[in-house]
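A closer look at the structure
Below, each chain spelled out in residue letters.
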Amino acid sequence: MKTCRLPSKKITAVLLTGYALLLAYWMLFGFGRTTQASYMYNVLPFHTIFQFFGRRDFLSSSWLINIVGNVGVFVPFGIGLLVLCNGRLRLALPLFLLGVLVLELLQLVLRRGSFDVDDFMLNTAGFLLGYALFNQLPWLRGQQKQKE
């Protein structure tokens, strides 16, 4: 049985770096973002998330973009960083958390977007979903399935 192979670590690093730069652009400059007059932040866990769940227009695109988007776009980091860190979560997770923290702080300091602890939590959930996929799908770990 033929199996898929992941790209080399060098290619994975290049792809992940490019993807990170694209996300940084989107978070700071994309989608018509402009510099806000004041600093915008939320440090209360689940505050923004509960605001979306309490809306009458629960199925609006803003809910989808905020909740699902903040999880989904970070799944590749849960896979790519683990490929680069040889599957070691204790190495990949701190790198990821530092990167997300830097992006959230840049949003605050540059006043482009907001620093939101809920975004940080949702981004981490996306990373952990990627980690789960990495562990559940043998071809992501570069292992061949045993013939039965």
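Residues numbered from 1 in each chain as written. Predicted model: local features only at pLDDT ≥ 70, side-chain atom pairs only at ≥ 80, totals over all residues. Heavy atoms only, no water.

Another aspect to go through is unusual backbone geometry. We note that phenylalanine 31 has phi near 55°; this positive angle belongs to a residue other than glycine. Relative to the elements of secondary structure, phenylalanine 31 occurs in the loop between helix 1 (9–28) and strand 1 (41–42). A residue is classified by how much of its surface remains accessible, and phenylalanine 31, at 70% relative accessible area, is exposed. Positive phi, close to 70°, is recorded for phenylalanine 46, a residue that is not glycine. (Helix = DSSP H or I, 4+ residues; strand = E, 2+ residues; numbered from the N terminus. Buried < 20%, exposed > 50% of the residue type's maximum accessible area, 1.4 Å probe, protein only.)

With respect to the helices, strands and loops of the structure, asparagine 66 is situated in helix 3 (residues 61–72). Excluding anything up to four places from it in sequence, asparagine 66 contacts Thr48, Phe52, Asp119 and Leu122. (Contact = heavy atoms within 4.5 Å.)

Turning next to the environment of methionine 27. Looking at the element boundaries, methionine 27 is found in helix 1. In the structure, methionine 27 is positioned 80 residues away from glutamine 107 in sequence and 7.4 Å away in space, judged by C-alpha atoms. Excluding anything up to four places from it in sequence, methionine 27 contacts Arg33, Phe74, Leu103, Glu104, Gln107 and Arg112.

This brings us to helix 6 (residues 117–136). Under the 1.5 Å per step criterion, the end-to-end length of helix 6 is 28 Å for 20 residues, consistent within 8% with the ideal 28 Å. Of the residues making up helix 6, those classed as buried are Val117, Asp118, Asp119, Leu122, Asn123, Thr124, Gly126, Phe127, Gly130 and Phe134. Along its buried surface, helix 6 packs onto strand 1, helix 2 (47–53), helix 3, helix 4 (75–84), helix 5 (89–110) and strand 2 (115–116). Where helix 6 begins, the capping side chain belongs to aspartate 116, and its oxygen is found 2.8 Å from the backbone nitrogen of aspartate 118. (Expected span 1.5 Å × (residues − 1). Polar contact = N/O pair within 3.5 Å; in protein donor to acceptor, adjacent residues only side chain to side chain.)

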